Every structure is written in structure tokens, then in C-alpha cells.
Amino acid sequence: ARETIEALQGSYRLLVITKGDLLDQERKVAQSGLGEMFDAVEIVSEKTAPVYVGIFRRRGVAPEAAMMVGNSLKSDVLPVLALGGWGIHVPHDLTWSLEHEIAPEGQPRLRTVNDLGALPALIGSIEAEG
């Protein structure tokens, strides 16, 4: 993850949006050693389209310009797709079963990568598509 974040830093505004207990999530971000690499950390109780709209509005990001990268289709990817943004699914074997969802067919702004290391090249190809 560190190499990918370093590759994207400076070219994009990077936010961590995580849900759960405030103190627990703050501890996890601090333990990761990656928190300082992000422009902001947002800890929410739920990840829904209205919550994302509020975050994007506060950060001055148009929803259709946003790209959410995460392992949960249900909480990370689908709400941002519903707002017209990009959703990048990074499947993970340990994703909580309540977060599983079936990927929508024919969604042009949905992509899947099996490794975060593929993210910079994927973003480059999306930008090249224009």
C-alpha cells in the first residue's frame, strides 16, 4: 500500500474514509504508519451515498470526479458509483460477509484490481480514456 500511496501522492488529493468506532479507527490509522501520507482522514459511522456527498462537499470534490478504492462493494464502491463517481474494487478474502455484494453489470465507472500496486496504472488508463 505504501508504494501505491507514494506513487499517487502529490498528483491527487488522497483521503481515507473509514467507518467504525472513532478511537479504534484512529488507532488503526496511526498504527498503519500511513496516516500522514493522506490529505485527510474521515471516520464515519456508515458509508452511504449521503455521507459521501457530505464528505465530498466539505472537501470541495464533485462526486463525479471522486474515485473510491476499497474492498467492500457495498460500503466503498457502490455508494460512490451511485453518485456518478468511480469505484475501484480491491477484493480481499477477509472482507466481512455483510459487506459482500454482487457487482453491477455494465457499469462503466467500475473497475477491479486484485492488488493495490495496479492502481496507478489503472488511474492512468482511465485518464487516457478521457
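All of the points below concern the structure found in this document. The residue count restarts for each chain, going from 1 along the sequence in the order it is written. Local features are withheld for residues below a pLDDT of 70 in this predicted model, meaning they are given only at 70 or higher, and side-chain atom pairs are given and counted only at 80 or more; totals for whole chains, interfaces and linings count all residues. Here the side-chain values reflect all heavy atoms present in the structure, with hydrogen atoms and water set aside.

The next subject is the pairing of strand 4 (residues 86-89). The side chains of a regular strand alternate, first on one face of the sheet and then on the other. Burial of strand 4 is two-sided: the residues W86 and I88 facing one way and the residues G87 and H89 facing the other way are all buried. Any two strands with at least two DSSP-identified bridges between them are counted as paired. Strands here mean DSSP runs of E at least two residues long; helices mean DSSP runs of H or I at least four residues long; both are numbered from the N terminus. Pairing between strand 3 (residues 67-70) and strand 4: 4 bridges, direction parallel. The residue of strand 4 that forms the bridge with G70 is H89. With strands facing away from the observer, any crossover in which the path from the first strand over the helix to the second runs clockwise is taken as right-handed. Handedness of the crossover joining strand 3 and strand 4 through helix 4 (residues 73-82) is recorded here as right-handed. Of the pairings in the sheet, the one linking strand 4 to strand 5 (residues 110-112) comprises 3 bridges and is parallel in character. Pairing of H89 across the sheet is with T112, part of strand 5. Only protein chains enter the accessibility calculation, which uses a 1.4 Å probe. A residue is then buried if its area is under 20% of the maximum for its type, exposed if over 50%, and partly exposed in between.

A few words now on the pattern of salt bridges. A carboxyl oxygen of Asp or Glu within 4 Å of a side-chain nitrogen of Lys or Arg is what we treat as a salt bridge. All chains considered together, the criterion is met by 6 salt bridges. Of the charged contacts, one joins R27 and D24 as a salt bridge, the two residues approaching to 2.4 Å between their closest N and O atoms. Of this pair, R27 and D24 both sit in helix 2 (residues 22-32), separated by 3 residues, roughly a single helical turn. The shortest N-O distance in the salt bridge between R59 and E42 comes to 2.9 Å.

Before going further, it helps to spend a moment on helix 5 (residues 119-129). Among all positions in helix 5, only L119, L122, I123 and I126 are buried. Within helix 5, the buried residues cover an arc of 100° as seen down the axis, which keeps them to one side. Within helix 5, the exposed residues directed more than 90 degrees away from the buried face are A121 and A128. Taken from the residues just after helix 5, G130 is the one with a positive phi, measuring 80°. Think of it as the arc spanned by the lines of direction from the helix axis to the C-beta atoms.

Moving on, we come to the packing of aromatic side chains. The rule is short: rings of Phe, Tyr and Trp, with Trp giving its six-membered ring, pair when the centres are within 6.5 Å, and they are stacked under 30 degrees, edge-to-face over 60, tilted in between. Under the criterion given, the structure shown has 1 aromatic pair. Relative to F56, the ring of Y52 lies with its centre 6.0 Å away and its plane at 25°, an arrangement referred to as stacked. Linking Y52 with F56, this pair stays in helix 3 (residues 49-59), spanning 4 residues, or about one helical turn. Neither Y52 nor F56 differs from the other in exposure class; each is buried.

Moving on, we get to the pairing of strand 2 (residues 40-44). Side chains A40, E42 and V44 project from strand 2 onto a buried face, and the interleaved V41 and I43 project onto a face without burial. Sheet topology note: the strand 1 (residues 15-19)/strand 2 ladder contains 5 bridges and is parallel. Opposite L15, over in strand 2, you have A40 as the bridge partner.

Interpretation in functional terms is not warranted from these geometric data alone.
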